[in-house]
Amino acid sequence: MKGKFAHSPDNYRLSLLTQCTALILVGGFGTRLRPLTLTLPKPLVEFGNKRMILHQIEALAEAGVTDIVLAVNYRPEVMEKYLAEYEERFNVKITFSIETEPLGTAGPLKLAEEILGKDDAPFFVLNSDVICDYPFADLAAFHKAHGDEGTIIVTKVEEPSKYGVVVHKPNHASRIDRFVEKPVEFVGNRINAGIYILNPSVLKRIELRPTSIEQETFPAICADGLLHSFDLEGFWMDVGQPKDFLSGTCLYLSSLTKKGSKLLTPPNTPYVHGGNVLIDPSAKIGKNCRIGPNVTIGPDVVVGDGVRLQRCVLLSGSKVKDHAWVKSTIVGWNSTIGKWARLENVSVLGDDVTIGDEIYVNGGSILPHKSIKVNVDVPSIIM
Amino acid sequence: MSLQIPHRSKANGSHAATKAVILVGGPSRGTRFRPLSLDLPKPLFEVAGHPIVWHCLTAIAKVPHIQEVCMIGYYDESVFRDFIKDASKEFPQIKIVYLREYQALGTAGGLYHFRDAILKGRPERFFVLNADVCCSFPLNDMLKLFEDRDAEAVILGTRVSEDAASNFGCIVSDAHTSRVLHYVEKPESHISNLINCGVYLFATECIFPSIRSAIKKRTERPRLVSYPSSENLESSFFQDDDDDEEKKNEVLRLEQDILSDLADSKQFFVYETKDFWRQIKTAGSAVPANALYLQKAWQTGSKELAKPSANILPPVFIHPTAHVDPSAKLGPNVSIGPRAVVGAGVRIKESIVLEDAEIKHDACVLYSIIGWSSRVGAWARVEGTPTPVNSHTTSIIKNGIKVQSITILGKECGVGDEVRVQNCVCLPFKELKRDVANEVIM
C-alpha cells in the first residue's frame, strides 16, 4: 500500500489531537558508532547538522505527538539539557524509560506501558538509528483506516537476502502473512524499516522480560492477521555505524536537494562541486576549495585554502587546514586536520583529534584527544 | 706490455703528480636504477641539481694539482660528450677524458686495460672513485694519510650497523696505525662494521703490478681456491648480481680480486670518514643522495640553493628555469629541475622533481621522484615512506612484501587529479587514474 494521502500533515495534526505518544528505542551506549559515541550519546550526534534525536522529535511533533518516551538502558545527564530545550521548543513531554537490564526491542514497550497504554490511542515506536523522511502522519492515517492492531513501515531494498523480508497475505497489498529472515530465494523485497504504529492492545502481548519485537511480538500479531505494512517513500538508512552514517548522510542530503531545501549551499557557489553540500552559516570556508558532493559542515568549522572535501562530515568546531584532502570521513568535534593531510576510506576522528600536516589516514578510527603524527596506512583503530 | 712505472720521489715531491679515475659503469650495470636509467645513464642523473658524476668531479677538483681525470666505463662515447664539454668549462684546470671499454672488464680489469692512458704524464698515484656512491669524498684527507704513512694504497671506509655490514666489503684495520689487516667482500659472518666506500688512492707502482699478478694467479688457479665462501663469488659490492659478463674469467674486480691480497702484503691503509656515505644503487637511493648533497651544499653556504622562507624549508634546489608558485611549500631536501612547474598550494618534501615535470595545485609529493615531463594532478598525493636516517636500503617490508620505500614516476607519467600513489615504481609513459599502492606499474 502506498502511503500517499491528499491531506497535509497539518490536517492530521488537528485530527490526531488526542494526546499521541511515541517511544524511541535508544538502547545502549551506541558502541557501533564509536569513537563518536565515546563523547556524546548517539541520539545527540549530529546527522546533517542536526542531532539524531532532533530529526525524530521534530517529525513526531509535526505529526502531533505530545508525549515522547526514550527507552534507554543508561541515563546520560548530558541529554537532559538538550531534551529540556526540545520539550520547550516543540511543546512535547519527553520522559526517560530506563531499563535496569537490556530488554531487547519489545521489553521496553512493556516497561513504558503506563504511558503508552494510558488511553486507546495508537502509539509510534521507532528505532533511534533510523533516518528517513518520517511519514508519521500518513502512517497514522493509514493505520486508522485499516483499523487493525499494528502497522510497520517497510522499505524496498536491493538485496533482500541480507535482511528479514516481509511477505504479504495472498491478494492483499498490506496485510502481512509472515517474515522470512535472510531469505535464500526471493520472497519479496520489502524489509522492516524499524518504525511502527501500534494499538495499546499490543502491550498485552508483551511480557516484561528481554524479548524481541521482530521475532516474538510481530509474528504473534501476524498470526492473528492484524499486522499491516506501509511503504516508505524515499530514502531510508540505519545509521548506527560510521559507514552507514556516511551513506545515510548522502541520502539525506540528496533528499534535501530533491526538496529544493534552502538549507543547502547553492550548487552555483564557486567552491561547491557536485551539489549536496550543507554548510552551517557560522562555518568559514577558505579560498580555492572544492567541496562536494555530499558534504556536511557543522557550526564554527574552519576550512582553510585549497581544501578538497567530498562525502564527509565535519562536526562542529573542527578545522581542516590548507590543501588537505578529505573523503569518506567523519571529522569529530574540535578535531584538526593538518595541511596536505589526506583522509579516506571511512576514517572517523573522535573529539579533539589532531592529524598532523601531510599525514595520510586510511580507514583510521581514532579515539578522542589523540594526535596522529605517522601515516595510518591500513584501516585500524588508534587507541 | 712493459709498464712505465715512475720512481717514487716522495722525499722532495710535494707536488707529486696525482690523477683521478671515475668508474662510471655501463648501460647493463644500471639496471637497478630503473626506471630512471631507461631514459638517462645513471651517472648523469641529477641529484641536488647536478649529475651524480659531477659531484665526484667537484671533489676531485678540490685536490691540488690534479690535472687529469679519466672516466672509465662502457657507455657509448656520445653519452658523456656534452657533460665533459660543460664540465671542462666549469673545471678548466682539469682535462677530462672518457675511456670506453668495449666489454665489461671489471673495475680492476678496466684500470689495467687503460693503464697506458692512466700512466701518461707519469702520475705517482691516482684516485679511483666509483661514480655510484654519494659521499663527501674526503680526498685530501686520504691523500694526507697516504703521504703520512708512505702508503701504497688508501681505501675510504665508513662505519655501518652490524646488520648492514655484511652487504658490503668489510675492512679489518689496526686501530692505531689504520693499516688494513684483512679485507673481505660481503662476508657471511660478521667480521667488521668498517666497510669499503668504493673510493681509493693507489700508488701507481703498486696497483698495476698487483692487478697483473692477480691476472696471472687467475690463469694459474681457479678463483674458488682463494675464496672459501663460494656463495660470495658472483656477488659484488657495486654491481648487479645478474650480469653474465661478470662470470667470465677476464672480469677482474678491485673488491674481489685485488684488495684482499693488498691487505696481506702491502702498505694498505684505511681512512675512516665520519661524514655521510651512501650507495646510489637503486633509483630510490637518489632521494637520500639528493638529501645528503643538498645538506652539504647548505652547510657550505652554496649560493645555488633557494633562499629559506616560510615556504622554503632548506635545503631546497630550484633550477633557475623552473616555475614555483610562491604559495607552494618546498623542503627540506627537495630538488626542482629545469622548466618544472609547481602550482599553487603544492607541498613537496624529500623529493626530486625532474625537468619539465608539472605538479598541479594542492598536490602533495613526499619521498618521491617525479620523472621528466611527468604530470601530477590537483590534490594528488604521490608518496613514499621515510626510511631511517642511517639506513642503507631503499626497500621496506609492507604486509610481508618487499616494496620500494621511494615512489618513482618514470618519464612522462601522469597522475590524475586527487589520485594517491604510494610506494610505487611506475615505468615511463603510464597514466595513473586510480589510487595505487605497493606496486610496480609496467
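Predicted model only: the values in this text are computed from it and were never measured.

(A) Molecular detail of the overall build of chain B. From N to C terminus, chain B includes nine helices and 34 strands. The buried share of chain B, reckoned over its 442 residues, is 51%. When contacts within chain B are restricted to residue pairs at least 6 apart in sequence, long-range pairs at least 24 apart make up 58% of them.

(B) Region of interest: the overall build of chain A. Scanning chain A from N- to C-terminus turns up eight helices and 29 strands. For chain A, whose C-alpha radius of gyration is 22 Å, the value lies close to the compact-globule estimate of 21 Å for 383 residues. Principal-axis analysis of the C-alpha atoms places the extent of chain A at approximately 65 × 45 × 45 Å. In chain A, the proportion of contacts linking residues at least 24 apart, taken out of those at least 6 apart, comes to 51%.

(C) Spatial organisation of the nonpolar core. Core analysis: the largest hydrophobic core is formed by 253 residues, its most contacted members being L23(A), V21(B), I22(B) and A153(B). Discounting residues that sit within four places of it in the chain, L23(A) has contacts with V69(A), A71(A), P108(A), L109(A), A112(A), L116(A), F123(A) and V125(A).

(D) Structural context of the UniProt feature "domain: Mannose-1-phosphate guanyltransferase C-terminal" (unreviewed entry) in chain B. The UniProt record annotates "domain: Mannose-1-phosphate guanyltransferase C-terminal" (unreviewed entry) at residues 313-439 of chain B. Span residues 313-439 of chain B is 0% helix and 42% strand, its end C-alpha atoms 30 Å apart.

(E) Looking closely at the interface of chain A and chain B. In this complex, chain A contributes ten residues to the contact, which on the side of chain B involves 13 residues. The residue makeup of the side of chain A that touches chain B, split by class, is three nonpolar, two polar and five charged.

(F) Structural view of the environment of L36(A). Residues and elements named next belong to chain A. Here L36 lies in the loop between β1 (20-27) and β2 (46-47). Residue classification places L36 among the buried positions, given that 26 C-beta atoms sit within 10 Å. Once residues lying within four places of it in the same chain are set aside, the contact partners of L36 are V45, I330, G332, V348 and G350.

(G) Molecular detail of the sheet that holds strand β17 (residues 334-336) of chain B. Residues and elements named next belong to chain B. The seven strands lie next to each other as β14-β17-β20-β23-β28-β31-β34, forming an open sheet whose pairing is parallel. Lying at the two open borders of the sheet, with one neighbouring strand each, are β14 (316-318) and β34 (440-441). Examined bridge by bridge, strand β23 (residues 368-370) and strand β28 (residues 407-409) share three bridges and lie parallel to one another. Following the sheet pairing, I370 is matched in β28 by L409. Each of β14, β17, β20 (351-353) and β23 is contacted by helix α9 (residues 286-299), which is oriented at about 95° to β20, the strand it contacts most.

Calculation rules
Residues numbered from 1 in each chain as written. Chains lettered and ligands numbered in written order. Predicted model: local features only at pLDDT ≥ 70, side-chain atom pairs only at ≥ 80, totals over all residues. Helix = DSSP H or I, 4+ residues; strand = E, 2+ residues; numbered from the N terminus. Buried ≥ 20, exposed ≤ 12 C-beta atoms within 10 Å, placed from the backbone. Contact = placed C-beta atoms within 7 Å. Rg over C-alpha atoms; globule rule 2.2 N^0.38 Å. Core = buried A, V, L, I, M, F, W, Y, C linked by C-beta atoms within 7 Å. UniProt positions renumbered as here; feature names shortened; annotations may be inferred. Nonpolar A, V, L, I, M, F, W, Y, C, P; charged D, E, K, R; others polar. Pairing = 2+ DSSP bridges. Axes fitted to C-alpha atoms, helices over the stretch in contact; angles between N-to-C directions.

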